[in-house]
Every structure is written in C-alpha cells, then in structure tokens.
Amino acid sequence: MIVLRGGTLIDGSGRAPVRDATIVIEDGRIERVTTGPDVNGTTGAEVIDASGLTVLPGLIDCHDHLASHSYELAHRWDLDEPSSARHLRTGRVLERTLGFGYTTIRDAGGLDAGFRAAVDEGLIRGPRLLTAIAIISPIGGIGDRVSPSGHECMVPNDPALPRGVANGVEDVRRVVRTMVRAGADVIKCATTGGASSRSGHGPKDAAFDLDEMRALVDESHALGRRVMCHALGGPGLRLALEAGVDSIEHGCYLDEDPELIPMMAEHGTFFVPTLAVYEYHRNSKSAHVRERAHALREHHINSIHRAMAAGVKVVAGTDAGGHGHPPNAMEIECLVAAGLPPMQAIQAATSWAAECLGLEREIGVVDKGRRADLTVVAGDPLADVRLLQSPERIRMVLKDGRVEVRR
Ligand SMILES: [Zn+2]
C-alpha cells in the first residue's frame, strides 16, 4: 500500500484542483481519494509526502511513433543500422517517455508488439503500450513504401511489422486480420496523403474508396479494435467519417466542409490534431512539406475551435518520431496556443485521451478503482503547461501503483 499525501490534485476530469489530497493505492489501483490526513487502515503503508507538488493522472499520448527516429528514407526502410541497434534506441525512447510522465502511449505505426510484451514483462521500463503495428493504405497511400525514384522498398519485411498495403474490399479485410494477428490493439489507416508524404499525394488527395473503408471499419470492429484514421482534408477525410472511423488523426481541413464536425459530434468521433508535428514540418528540409504545413495551419486551428464548440473531444497526440522525440507534453502547449484553456488541454491528455482509447474505466482520471497511474510535478501546470516538458519538474511517475520514476 502507498499513501500519497499533501499534494494538490488535478484529477483529469476537469474538476477544479483539490488541495491537500490523499491518494491511497493498493494492488495497483486507487483505493480512495480524500483530503487531509487520512490514516484509516494505512498502517505499514509507504507514505509519500507530495506537499508543494501537483498530482496528475499519468499522461496519455494518443498518436506517437516510438520506433521511428528519422524521416530519412534509409531509416524508414530500416537500412541505416542493424535492427538490434534500432530496437535498443526505441527502448531508450520508451524509458524517456515514461520519465516525461507519460504512462500510456498509443503507437500509430512502426512499433511491433514485442515492445508491449517487453514492457509488460518488465524487461524494459516504458509506458503502457497500445500499438497499431503498421499503417493500412492502398497502393500509393502513405503506408506504401516507394522512393522518389519510384522504387518499391526491396527490404524483406519484418514479420512483426506486416506490410500495410491493401487494395479492394477483400484485401482490406485480409490486411486488418493480419495486423490483429501481429498484435494490433488498434487499426491505423490513411485515407489521404499528409504533409510529409511524397509529392503528388498531398493532404487533400484521397486514398481508399468508401466500400474499402466500410470493410476496414467493419472488420476492425468485428475483431474488437478501434480505427484511428490519418485524414487531413478533401474527399478522403469525408469518406473516413462516412465509414465510421473512431478517431480522425490530423484533421487539418475539417473546417472546409461544414458537415464534417457535426458528423463527428453525432458519432462521438475523437479528433487528434497532432499539432506538435506540424511545428517541425513548417521547418522541414523538403520544400513541399514546408509549403503544405504552412498552407494548412490556419485551417487546422480553425478546425480545433469548431470541434471544441461542437462538443467533439480533442485529444493530445504528438505524431513524434520522424523529427525525433521531444517531450510529449509539447502537444499540451500547442493545444493551449491553439486556444484550449490549460485545464482542457490537460483533459485532452488524460480523461479525453482515455476515452479515445476505450480505457476510460481504467485510466485518465485519479479516482477510486482506476489504475494508479500518477504523475507528480513541481509547480502549477495550470499556470504554465510548459513545465510538463521539463524532466526535472517531473518528480515522480507511478504506473499501476508502482513507483517507476523518482527524482
Ligand atoms: Zn502519425
């Protein structure tokens, strides 16, 4: 049993902070949350004094690429180093991510299920992992690995990361099943290009037709997986929503079609704008990436405002990896800069994020019965959310009731 007491609790639900909170943890879960010196039945417990500190739920990033470390082609094709070195590099990222106060990460492609098993077994320290394995798209989509010269990637596939190219209704179902067989917790697909995709397949260029996407969503749901869909704008964005995906990733041009945000509100579709990655794309070495990132910026912010006004839940995700791995709370700062009040930006990385993952009964709020995932920080993140990006401010991280980080 652990008793964490004296801290100011921001519980993740959006409720006002509570001073002098006592959190009693037993068997990995929160046994109760009270205020003041609550000592009932806590004899022999480890008491942690959190006075002067702020206690938050363990933070959640709903769109990361933990096993990506560069956008360079040789890296994307796994040619730049032995896979052992790459895996150890990824292991280091997992450990650092947990050190940033992030106890749950949804990986949007590139992380094989072995990492989840390794964390669960305690071989490496890291956040709780949900992985999409690989991105599903048709020929020419963002999951199709083609060089600017037109060459297809010739490297034999890693069996832990099956190829995500699918064409036609039957093939889409086959590839969804293949991802689930490889350990996918969630299905990631793409119905448009993106800022960093090859020139000729931009943010408003569609991939997949409605029948293919309906089959993808149907098969995923039949297998108990949610669908996270990379979609920026144009007809591909609309058909993703018509097909019933569970979250729109990026969604930069949602504002251009007035019917889309009401559709999301009605269906409870989550919006994961991934603002952080576009901060990097705007300074990309590639001219076409820079141009796309600048062109979409105003629409992206406008889409967030409209989504919030319509009651669509906006969720934090960094889309990190290609540009390296900055502190995941960079996205919280970006959401505040986009107009979210700090409390809502924290909800985007806690309770709303947990709902997006379907784990709202387990994580995302500090409350009786939930898993004891806690991030304890020095200072008031409501006064300045940027402090969540400095590791020296993250004093303690608990996952499933175990102290994983203590500074
Ligand atoms: Zn991504």
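All of the points below concern the structure found in this document. (Residues numbered from 1 in each chain as written. Predicted model: local features only at pLDDT ≥ 70, side-chain atom pairs only at ≥ 80, totals over all residues. Heavy atoms only, no water.)

### Re the coordination of the zinc ion
Around the zinc ion, the protein supplies His63 (NE2), His65 (NE2) and Asp319 (OD) as donor atoms, at distances of 2.1 to 2.2 Å. Of note, the donors binding the zinc ion are all from one chain and are spaced H-x1-H-x253-D. Separated by 256 residues along the polypeptide, His63 in strand 6 (residues 59-64) and Asp319 in the loop between helix 9 (287-310) and helix 10 (330-337) bring together distant segments of the chain. Asp319 matches His63 in its accessibility class, with the two residues each being buried. (Donors = N, O, S within 2.8 Å, 3.2 Å for Na, K, Ca; no water. Helix = DSSP H or I, 4+ residues; strand = E, 2+ residues; numbered from the N terminus. Buried < 20%, exposed > 50% of the residue type's maximum accessible area, 1.4 Å probe, protein only.)

### Some remarks on the sheet that holds strand 6
As summarised here, the arrangement of the three strands in space is 6-7-8, forming an open sheet in which the pairing is parallel. Of all strands in the sheet, those with a lone pairing partner are strand 6 and strand 8 (128-131), marking the two edges. Direction aside, the axes of adjacent strands within the sheet are offset by 15° on average. (Pairing = 2+ DSSP bridges. Axes fitted to C-alpha atoms, helices over the stretch in contact; angles between N-to-C directions.)

### Topic: the side chain of Ser303
Along the chain, the position of Ser303 falls in helix 9. Taking the relative accessible area as the measure of exposure, Ser303 reaches 0% and is therefore buried. Polar side-chain contacts of Ser303 include one of 3.2 Å to the backbone oxygen of Cys252. Of note is the side chain of Ser303, whose polar atom sits 2.7 Å from the backbone oxygen of His299. Look past the residues within four positions of Ser303 in its chain and what remains in contact with it is Gly251, Cys252, Tyr253, Leu254, Asp255, Ile261 and Phe271. (Polar contact = N/O pair within 3.5 Å; in protein donor to acceptor, adjacent residues only side chain to side chain. Contact = heavy atoms within 4.5 Å.)

### What to know about helix 3 (residues 113-121)
Taken together, the buried positions of helix 3 are Ala113, Phe115, Arg116, Ala118 and Val119. Each element contacted by the buried residues of helix 3 is listed here: helix 2 (83-99), strand 8 and strand 14 (394-399). N-cap assignment for helix 3: the residue whose side-chain oxygen lies 2.7 Å from the backbone N of Gly114 is Asp112.

### Overview of the nonpolar core
By size, the foremost hydrophobic cluster in this structure holds 88 residues, and its most contacted members are Ile136, Ile187, Met213 and Leu216. In this view, Ile187 contacts Ile136, Val176, Met179, Val180, Leu216, Ser220, Arg225, Arg226, Val227 and Met228; residues no more than four positions away in its chain are not counted. Ranked by size, the runner-up nonpolar core spans 18 residues in total, among them Ile48, Ala372, Leu374 and Leu398. (Core = buried A, V, L, I, M, F, W, Y, C linked by side-chain atoms within 4.5 Å.)

### Regarding the packing of helix 5 (residues 210-222) against helix 6 (residues 234-243)
The description of two packed helices rests on the angle between their axes and on the distance between the axes. The interhelical angle for the contact between helix 5 and helix 6, taken along N-to-C directions, is 40°, at an axis separation of 9 Å. By the angle class used here, helix 5 and helix 6 are oblique. The way helix 5 lies across helix 6 gives a crossing that is right-handed. Where helix 5 abuts helix 6, its residues Leu210, Met213, Arg214 and Val217 lie against Leu239, Ala240, Glu242 and Ala243. (Parallel < 35°, antiparallel > 145°, perpendicular 65-115°, else oblique. Left-handed = near helix turned anticlockwise from the far one by under 90°.)

### Points about the pairing of strand 6
It is a general feature of regular strands that their side chains alternate between the two faces of the sheet. In terms of burial, strand 6 is a largely internal element, six of the six residues being buried. Of the strand pairs in this sheet, strand 6 and strand 7 (residues 102-107) are connected by four bridges, and their pairing is parallel. Across the sheet, the residue bridging to Asp64 is Asp107, located in strand 7.

### Examining the environment of Pro148
Following the sequence through the fold, Pro148 ends up in the loop between strand 8 and helix 4 (169-181). Using a relative accessible area of 84% as the deciding quantity, one classes Pro148 as exposed. In sequence terms Pro148 and Ser199 are 51 residues apart; their C-alpha atoms lie 8.5 Å from each other.

### Some thoughts on the pattern of salt bridges
For side chains bearing opposite charge, pairing can occur when the charged atoms are close. Counted according to the given criterion, the structure contains 28 salt bridges. A salt bridge links Glu72 to Lys285, with the shortest nitrogen-to-oxygen separation between them at 3.1 Å. Here the residue Glu72 occupies a position in the loop between strand 6 and helix 1 (73-76), and Lys285 occupies one in the loop between helix 8 (275-281) and helix 9, the gap between them amounting to 213 residues. Judged by relative accessible area, Glu72 falls into the partly exposed class, the value being 45%. Among the residues examined, Lys285 registers a relative accessible area of 74% and is labelled exposed. Residue Lys204 pairs with Glu256 through a salt bridge whose shortest N-O separation is 3.0 Å. With Lys204 in the loop between strand 9 (186-190) and helix 5 and Glu256 in the loop between strand 11 (247-250) and helix 7 (260-267), this pair connects stretches of sequence that are 52 residues apart. (Salt bridge = Lys/Arg side-chain N within 4 Å of Asp/Glu carboxyl O.)

Don't take any of this as a statement about function, it's just geometry.
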